[in-house]
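# Overview (structure and organization)
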Amino acid sequence: MRFGCCAGPEMGNVLAQAGYDYIELSVSRHLQPEVADEEWAPLRRAIEAQPLPAEAFNTFLPSDLKVTGPMVDGGRLHRYVHVAFERVAKLGGQVVVFGSGGARNIPQGFPRERAWQQLLDFVREAGEEAARVGVIICVEPLNRDESNVINDLREAVRLAQQAEHPQVKALIDLYHMVREEEPMEHLAEVGDWICHVHVADTDRCPPGTGSYPYPAFFCSLQRMGYQGRCSVECRWEDLAEECVSALEFLHLMWEKATL
C-alpha cells in the first residue's frame, strides 16, 4: 500500500519528511484548467519543485461547471477536461478523482434518468481523455450532505460499469462510507472496480484520532487484494505535527491487517 496525503504543493516538504509516498493535489485549484499555460506556469513550477510525486488529483470540477441539469455547457466541459488531463499527465499523475458534488448534483425537478445519462456521457468523455494520456478516473461516492447522487460504493461502481470504459473505475472513501452507514460487506462486492482509497477519522479528523473501524476496513481491502494508493483526506489542526502520527497509525493498521 502506498500512503499519500491531500494537500497543497507548499506542504510537499513536510509530507516527504513525514514519510508519505505521494501528494494528492486538486485539479481545479492546482491545475487551473481554464487558465492559460503561461499563467499557470508558476504554480506548475511550484508543484514540480516539491519532493513528492503528484500521483493523484481530486476536486476534478468546480461547482459551477455542471455535468447534470439544463445548464450543462458541453463545449466548456470538453475544453476543461482536455486541459485537465493534459496537465495531470505532464505532472506524472495516475489517478483523477471524480467527486465534485456541486458539479454533479441533480437540480430539483430535473429527471433523474436524464441526469444519470448525463453523468454517463461525462465519464465516458473523461475516460477517453484519460486513456489518451494513460490516467484513470475514479468515481467517488459522496454522502448525502455533499451530493444527491452516487452516495454509496455500489452506485459509483454501477456508473463505472455502465460507462464501459477501461479507464473509468471507482473510489472507496472511508469517511463517506461511515457517514452513509454503508456496510463493509459492500467492499467484497465491488473489489475489482476499486482504483483508489481516501481515509479520515471521526468528524473527518486525522486517522488515529477517532473511532472509525480501521481494522475491519483494512482487512476488507486486504481480502480484496487491494495494493494501490490510500490518501489521507481530512481536516488538520496542524498538518505538520499531525501528519506524522496519522501515517504511523495507518502503517500500523495495515500491518495488523496482514496478520
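A few words on the packing of helix α6 (residues 112-133) against helix α7 (residues 153-163). Running from N to C, α6 and α7 cross one another at 65°; their axes reach a closest spacing of 9 Å. Of the two possible hands of crossing, α6 and α7 adopt the one that is right-handed. Contacts between α6 and α7 involve Arg112, Trp116, Leu119, Leu120, Val123 and Arg124 from the former and Glu155, Arg158, Leu159, Gln162 and Ala163 from the latter. Of the residues in the contact of α6 with α7, the class split is 6 nonpolar, 1 polar and 4 charged.

Here we take up the packing of aromatic side chains. Following the criterion strictly, the structure yields 10 aromatic pairs and no others. Judged by centre distance (5.6 Å) and plane angle (75°), the ring pair of Tyr214 and Phe218 falls under edge-to-face. Of this pair, Tyr214 and Phe218 are both found in helix α10 (residues 214-224), 4 residues apart, which corresponds to roughly one turn of the helix. On the basis of relative accessibility, which here comes to 0%, the residue Tyr214 falls in the buried class. A relative accessible area of 0% means that Phe218 is categorised as buried. Members of the aromatic cluster, joined through ring pairs, are Phe3, Tyr214, Phe217, Phe218, Phe249 and Trp254. Residue placement shows Arg104 over the ring face of Phe98; its charged tip is 5.9 Å from the ring centre. Lying across the ring of Trp116, Arg158 places its NZ or CZ 4.2 Å from the centre.

Positive phi, close to 55°, is recorded for Glu181, a residue that is not glycine. Even without glycine at this site, Arg204 takes up a positive phi of about 60°. Here Arg204 shows up in the loop between β7 (194-199) and α10.

In this structure the tally under the stated criterion is 1 disulfide. Its sulfur unpaired, Cys219 is 14 Å from the next cysteine sulfur, which belongs to Cys230. By relative accessible area, Cys219 is classed as partly exposed at 25%. Sulfur of Cys230: no disulfide; nearest cysteine sulfur belongs to Cys6 and is 9.6 Å away.

Quick look at the nonpolar core now. In terms of nonpolar packing, the biggest core is built from 82 residues, with Tyr20, Phe60, Leu61, Phe122, Phe217, Phe218 and Leu221 touching the most fellow members. In contact with Phe217, other than residues within four places in its own chain, are Ile172, Leu174, Met177, Met184, Leu187, Val197 and Val199.

The rules behind the values
- Position numbers for residues start from 1 in each chain and track the written sequence from start to end.
- Reporting of local features is limited, given that this is a predicted model, to residues whose pLDDT is at least 70; pairs of side-chain atoms are given and counted only at 80 or more, and all residues count toward the totals for whole chains, interfaces and linings.
- Water and hydrogen atoms were dropped before computing side-chain values, which therefore reflect all heavy atoms in the structure.
- In this description, a line fitted to the C-alpha atoms serves as the axis of each element, helices being fitted only across the stretch in contact, and the angle between N-to-C directions of two axes falls anywhere from 0 to 180 degrees.
- A run of H or I in DSSP counts as a helix once it spans at least four residues, and a run of E counts as a strand once it spans at least two, with each numbered from the N terminus.
- With the far helix as reference, a near helix turned anticlockwise by less than a right angle produces a left-handed crossing, and one turned clockwise produces a right-handed crossing.
- Residue contacts follow a heavy-atom distance rule, with two residues in contact if any of their heavy atoms lie within 4.5 Å.
- Residue polarity follows a fixed list, in which Ala, Val, Leu, Ile, Met, Phe, Trp, Tyr, Cys and Pro are nonpolar, Asp, Glu, Lys and Arg are charged, and the others, Gly among them, are polar.
- Stacked, tilted and edge-to-face are the three classes assigned to paired rings of Phe, Tyr and Trp, where Trp is represented by its six-membered ring and a pair needs centres within 6.5 Å; plane angles under 30 degrees give stacked, over 60 edge-to-face, the rest tilted.
- Relative accessible area decides the class of each residue, using a 1.4 Å probe on protein chains only: under 20% of the type maximum gives buried, over 50% gives exposed, and in between gives partly exposed.
- Each ring is checked for a lysine NZ or an arginine CZ that lies within 6 Å of its centre and within 35 degrees of its normal; such an atom marks a charge sitting over the ring.
- In this description, a disulfide is simply a cysteine sulfur pair whose atoms lie within 2.5 Å.
- Nonpolar core, defined: a set of buried Ala, Val, Leu, Ile, Met, Phe, Trp, Tyr and Cys residues in which side-chain atoms within 4.5 Å join the residues together.

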